[in-house]
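Now for the letters of each chain:
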Amino acid sequence: MNEEELRQAIDLLGQAGMEVKLCDTPVPRSSISVKCGLPTMPGDSEGDDYIMLPKSLVGKYPEIFVPAVGDSMTGANFEEGDLLRVQLGVTCHDGDNVLAWIDGSCTVKTYFQDDEGLMWLVPQNEAYDAILITGEYDVKILGRVVGVEKRSPRASFRDCQKYVKRAKTKMKMAQLLSPEQVDNVIRNIGPEVKHARQWYAVYRAMADHEQAVEGSIATFCERVAQILPYHGHLPTARELQRMAVQSFSKPVAMWSSANAPVSGVRFMDYLRIAKRTASLLTGEQTRLPF
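Every value quoted in this text rests on a predicted model; they were computed, and no experiment measured them. (Residues numbered from 1 in each chain as written. Predicted model: local features only at pLDDT ≥ 70, side-chain atom pairs only at ≥ 80, totals over all residues. Heavy atoms only, no water.)

Trainee: Give a detailed account of the overall build of the protein chain, specifying residues and quantitative values.
Mentor: From N to C terminus, the protein chain includes seven helices and 10 strands. Going through the 290 residues of the protein chain one by one, you find that 35% of them count as buried. Within the protein chain, residue pairs in contact and separated by at least 24 positions form 62% of the contacts whose partners lie at least 6 positions apart. Surface exposure of the protein chain reaches about 17400 Å², of which carbon and sulfur atoms provide 51%. (Helix = DSSP H or I, 4+ residues; strand = E, 2+ residues; numbered from the N terminus. Buried < 20%, exposed > 50% of the residue type's maximum accessible area, 1.4 Å probe, protein only. Contact = heavy atoms within 4.5 Å. Areas by Shrake-Rupley, 256 points an atom, 1.4 Å probe, with all protein chains shown as cover.)

Trainee: I'd like a rundown of the confidence of the model for the protein chain, residues and numbers included.
Mentor: Per-residue confidence for the protein chain gives a mean pLDDT of 78, with 71% of residues at or over 70. Throughout residues 37-47 the model reports pLDDT below 50, and contacts reaching past four residues in sequence, or to other chains, amount to 26 contacts. Taken together, the stretch residues 285-290 has pLDDT below 50 and engages in 11 contacts with residues farther than four places along the chain or on a different chain. (pLDDT = per-residue confidence, 0-100.)

Trainee: An account of the packing of aromatic side chains is requested, with residue identities and associated values reported.
Mentor: One pass over the structure, following the stated rule, counts seven aromatic pairs. Note on Phe248 and Phe267: the rings are 6.1 Å apart at their centroids and 35 degrees apart in plane angle, and the pair reads as tilted. Taken together, the residues span a long stretch of sequence, with Phe248 in the loop between α6 (237-243) and α7 (264-282) and Phe267 in helix α7 at a distance of 19 residues. Residue class for Phe248 comes out buried when judged on its relative accessible area of 0%. (Phe/Tyr/Trp six-rings, centres within 6.5 Å; stacked < 30°, edge-to-face > 60°.)

Trainee: Break down helix α5 (residues 217-227) for me, citing the residues and quoting the values.
Mentor: Every buried residue of α5 is listed here: Ile217, Phe220, Cys221, Arg223, Val224 and Ile227. In an axial view of α5, the angular spread of the buried residues amounts to 160 degrees, which keeps them on one side of the axis. Exposed residues lying more than 90 degrees from the buried face of α5 are Glu222 and Gln226. Packed against the buried residues of α5 are α3 (179-189), α4 (199-208) and α6. If you check the start of α5, you find a side-chain oxygen 3.4 Å away from the backbone N of Ala218, and it comes from Ser216. (Arc of directions from axis to C-beta. Polar contact = N/O pair within 3.5 Å; in protein donor to acceptor, adjacent residues only side chain to side chain.)

Put into structure tokens, the structure is as follows:
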């Protein structure tokens, strides 16, 4: 990706309501794993790598990424394979998750000082015991965990096939609807439309299923007026076209409350009507995301 493509990508993400920071500051990634379990000896390092972060996220203290292994900190949402972002040389307090050095071994635990003044390194998994820091250990608190880079999640190919097959089946079912059946969908959804602009949610769901008349908002409005002439909130093309902006200009599956012409309860009403229309078109109850 060249500089111009990068700038365009950042602009598009910003338009979608996402805060974007350019990762332009290198933070070392250690090749030594730290045990989220019992302390272990670090392996031989063959050289460190770097991870780029936005400069505004890197403070005055040096930082390093270290890979986590083990399961003693699952209660803190640290899992094997995660990269732990550690701020080195900072003062740590009760409840901080810290990178500690114990007799030449390293581990990640939660720092805690009890009411007797004793200092502990505490796991976040009941299968492990807390470690009391005493004079018999050579212990150094190297730094504080300030962030976690989770392993990249991936969906299974089989799941993708299943969902695509279901979507294709629903689309095929919708394509088989007769004009009379589509008219019945409009009649059934009509009572749920409480003001004229909400008909846009019906139109968008029908367009997604290729049931809006030739994709024309004006023709759709005429059709609603013919089917429900006494509906108290008939749509107009001008009002519905005003709603076809931001995420609402996209299929319903891509609607986002962070980038829509309405927000809050009103957004949820539009989404509910769109989902309900889709379920009427396909004959399948569609689960709402709330």
